[in-house]
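Residues per chain, in single letters:
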Amino acid sequence: MQRIVSPSMLSADFGNLGHEIEILDRSAAGMLHLDIMDGVFVPNISFGFPVMNAIRRIATKPLDVHLMIVEPERYVGRFAEAGADIITVHYEAVADLRECLRSIHRAGARAGVSIKPGTDAGVLREYLDEIDLVLVMSVEPGFGGQGYIPSSTEKIRAVRRMVDESGRNILVEVDGGVTAENAAMIYDAGADIVVAGNAVFASDDPAAMVEKILNAR
């Protein structure tokens, strides 16, 4: 397993976005996490293509795009064109998950699937041949700043076992309530990537916080 920190741009200062991205580009962050919310699948709205295009023009790191939207299959091509390197859709939001994952691959991006806290990890087993990343939500999707749900740790372990048994190089990502204090536990449970929003951007030194999360023991 590897360790990657993917700061969530949802928690960034959008009035100073260019500067925030430049800080992260110089940091040890492995990628930037973009939460796309539609106000339907989750009770919040974030941003769309104009903001993503602006981020892509500045950022040098890969863009890890998390679609918290209904019918994501309608938009995966446009997100790939806008510069998404990884496109993650929700198991709960897609009518035909296998075809959606294939659409992401055809568009030239890596394909991820996210599951909400109440969704059993086993539902993804039959799709592992099409999946490049599994995103375990450790909070209810839709709002930043929530606390980590303790039962998520066992789910991360279950996903790690399932992925290892598949024999495929599938990344395990965890999003929600990640801090420097619990990051070691999350990595030890089997995560390759942790998404951190408030922990990074509320810090006086975001780059130093990325390092602290990355090297948590």
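Scroll up a little and you will see the structure.
Residues numbered from 1 in each chain as written. Predicted model: local features only at pLDDT ≥ 70, side-chain atom pairs only at ≥ 80, totals over all residues. Heavy atoms only, no water.

1. Looking at the packing of aromatic side chains
Think of a pair of aromatic rings as described by two things: how far the centres are apart, and how the planes are tilted against each other in angle. A full pass over the atoms with the stated rule returns two aromatic pairs. Summarising the aromatic geometry, the rings of Phe-14 and Phe-47 are spaced 5.7 Å apart at their centres and angled 45° between planes, so their arrangement reads as tilted. You can see Phe-14 sitting in the loop between strand 1 (4–7) and helix 1 (17–25) and its partner Phe-47 sitting in the loop between strand 2 (32–37) and helix 2 (49–58), a full 33 residues away along the chain. With centroids separated by 4.4 Å and ring planes inclined at 35°, the aromatic side chains of Phe-49 and Phe-79 adopt a geometry described as tilted. Residue Phe-49 is found in helix 2, and its partner Phe-79 is found in helix 3 (residues 76–81); the two are separated by 30 residues along the sequence. Each member of the pair, Phe-49 as well as Phe-79, carries the same accessibility label: buried. (Phe/Tyr/Trp six-rings, centres within 6.5 Å; stacked < 30°, edge-to-face > 60°. Helix = DSSP H or I, 4+ residues; strand = E, 2+ residues; numbered from the N terminus. Buried < 20%, exposed > 50% of the residue type's maximum accessible area, 1.4 Å probe, protein only.)

2. Quick look at the sheet that holds strand 8 (residues 193–196)
Neighbouring strands of a sheet are bound in pairs by backbone hydrogen bonds; such pairs are parallel or else antiparallel. The eight strands are arranged 1-8-7-6-5-4-3-2 in an open sheet whose pairing can be described as parallel. With one partner strand each, in any of the chains shown, strand 1 and strand 2 form the two edges of the open sheet. Sheet twist, expressed as the mean angle between neighbouring strand axes with direction ignored, is 25°. Pairing of strand 7 (residues 171–175) with strand 8 involves three bridges; the strand directions are parallel. Across the sheet, Asp-175 pairs through a bridge with Val-195, a residue of strand 8. Helix 4 (residues 97–106) rests against strand 4 (86–90) and strand 5 (110–115) of the sheet, and its axis sits at about 145° to strand 5. (Pairing = 2+ DSSP bridges. Axes fitted to C-alpha atoms, helices over the stretch in contact; angles between N-to-C directions. Contact = heavy atoms within 4.5 Å.)

3. What about helix 1?
Residues three or four positions apart in an α-helix share a direction because the helix packs 3.6 residues into each turn. Within helix 1, burial applies to Leu-17, Glu-20, Ile-21, Ile-23, Leu-24 and Asp-25. Each element contacted by the buried residues of helix 1 is listed here: strand 1, strand 2, helix 2, helix 7 (198–201) and helix 8 (206–214).

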